[in-house]
Each structure stands twice: as C-alpha cells, then as structure tokens.
Amino acid sequence: MDNDQEGSKESSGRTDLVSEDGKNTKSVLCERCGSKVLCPAMAVFTEKELFLPSMRKKSSPGTTEGSVDGDTLTAHWLVDDMLTFENVGFTNDVGRIKYLICADCEIGPIGWHCLDDKKKFYVALDRVNHA
C-alpha cells in the first residue's frame, strides 16, 4: 500500500536527523525564511499525535467560522525550556494551547505548546527544514 511506503520513507529519512541519544543532529530552520529555530542537540525526537492548523501568514484571513484546516502530525522535536529556542514566537492562547511560529516571518504554526505543561514545546518535523 502507498501508506506503508510513505511511512517507511519518512522513518528512513529521519535517521540522519536523530542522533543515537535521540537528539536533533542538525539545526532546525524555518521553511519559509531560513531563520534558525533550534541549534543541533537541543531537542529530543518524540512521537505524539498533535493537530496543527494549516500554515499561513499571521495576517491572512481566517477560514470559514467553526472549521479549521490542518494536519495531525506525529513526529516532533520536544524542547523542555522555551529559552532553548534560537528564534520562535507564540500565538495568542487558543483555549489552553499556544502555537509556535517563526519569530522573523511569522509563518506557522510550526509547533504546539499546552499551557498546562510548562516544560513541553513541540516542533513538527514536517513544518521545518534541517541543515
């Protein structure tokens, strides 16, 4: 099936991004402007299903009221201190959630943070580049 092939391709593509101790081997960069979000070895790879709205500029109008386009993503970099980030911004609260965005170009969300847990900041691998 196509889904199996995609899953194995994704997993094998991650081997060069994750060190033996589970940390990021490369810098994490904004897909749009290239700004550095995280330095190497500052985050731990984790799998957790999180819904992130579709990426768009902060100034673009919202979607139809009541419906939000987005993706459920499972591969994330986990950061336990917001001061670890080189460059990240946060949206206003959406319920008990703050979304992470690029602080330079304001594209996002690239990640997710629940206000109930001050030590968990998730950056979706599919929403960033690595170099």
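Residues numbered from 1 in each chain as written. Predicted model: local features only at pLDDT ≥ 70, side-chain atom pairs only at ≥ 80, totals over all residues. Heavy atoms only, no water.

S.K.: Would you mind going over the overall build of the protein chain with me for this structure?
M.R.: Looking only at helices and strands, one finds one helix and eleven strands in the protein chain. Going residue by residue from the N terminus, the α and β elements of the protein chain occur as α-β-β-β-β-β-β-β-β-β-β-β. Per-residue burial over the protein chain gives 36% buried out of 131 residues. On the protein chain, roughly 7,700 Å² of surface is accessible, and the fraction owed to carbon and sulfur atoms is 47%. (Helix = DSSP H or I, 4+ residues; strand = E, 2+ residues; numbered from the N terminus. Buried < 20%, exposed > 50% of the residue type's maximum accessible area, 1.4 Å probe, protein only. Areas by Shrake-Rupley, 256 points an atom, 1.4 Å probe, with all protein chains shown as cover.)

S.K.: Would you mind going over the packing of aromatic side chains with me for this structure?
M.R.: The geometry of two aromatic rings is summed up by the distance between their centres and the angle between their planes. Taken as a whole, this structure holds four aromatic pairs when the rule is applied. Seen from their ring centres, Phe-45 and Trp-77 are 6.1 Å apart, and the 80° between their planes marks the pair as edge-to-face. Of the two residues, Phe-45 sits in strand β3 (residues 44-53) while Trp-77 sits in strand β5 (residues 70-79), which places them 32 residues apart along the sequence. Among the residues examined, Phe-45 registers a relative accessible area of 23% and is labelled partly exposed. The interplanar angle of 65° and the centroid separation of 6.0 Å between the aromatic rings of Phe-90 and Phe-121 together place this pair among those described as edge-to-face. Taken together, the positions of Phe-90 in strand β6 (residues 89-90) and Phe-121 in strand β10 (residues 121-124) put the pair 31 residues apart, joining distant regions of the chain. (Phe/Tyr/Trp six-rings, centres within 6.5 Å; stacked < 30°, edge-to-face > 60°.)

S.K.: Sorry if this is basic, but what is going on with the sheet that holds β6 here?
M.R.: Hydrogen bonding along the main chain pairs the strands of a sheet, whether they run parallel or antiparallel. Here six strands make up an open sheet; going across it, the order is β3-β5-β10-β9-β7-β6 and the pairing antiparallel. Bordering the open sheet on either side are β3 and β6, each of which pairs with just one other strand. With two bridges joining them, β6 and strand β7 (residues 97-101) adopt antiparallel strand pairing. Among the inter-strand pairings, Phe-90 is bridged to a residue of β7, identified as Leu-100. (Pairing = 2+ DSSP bridges.)

S.K.: Can you help me understand the sheet that holds strand β1 (residues 28-30) in this one?
M.R.: Across the sheet, three strands lie side by side as β2-β1-β11; this open sheet has antiparallel pairing. In this open sheet, the two strands that pair with only one neighbour each are β2 (36-38) and β11 (128-130). Between one strand and the next, the sheet's axes are offset by a mean angle of 45°, whatever the strand orientation. Note: β1 against β2, two bridges, orientation antiparallel. Residue pairing across strands places Leu-29 opposite Lys-36, the latter belonging to β2. (Axes fitted to C-alpha atoms, helices over the stretch in contact; angles between N-to-C directions.)

S.K.: Sorry, what's going on with the environment of Ser-19 here?
M.R.: Mapped onto the secondary structure, Ser-19 falls in the loop between α1 (2-14) and β1. Given the relative accessible area of 22%, Ser-19 is considered partly exposed. In this structure, the C-alpha to C-alpha distance between Ser-19 and Pro-40, residues 21 residues apart in sequence, is 9.8 Å. A polar contact is formed between the side chain of Ser-19 and the side chain of Asp-21, at a distance of 2.3 Å. (Polar contact = N/O pair within 3.5 Å; in protein donor to acceptor, adjacent residues only side chain to side chain.)

S.K.: Would you mind going over the side chain of Thr-84 with me for this structure?
M.R.: Residue placement: Thr-84 occurs in the loop between β5 and β6. With sequence-adjacent residues up to four places away left out, Thr-84 is seen in contact with Leu-38, Met-42 and Val-79. (Contact = heavy atoms within 4.5 Å.)

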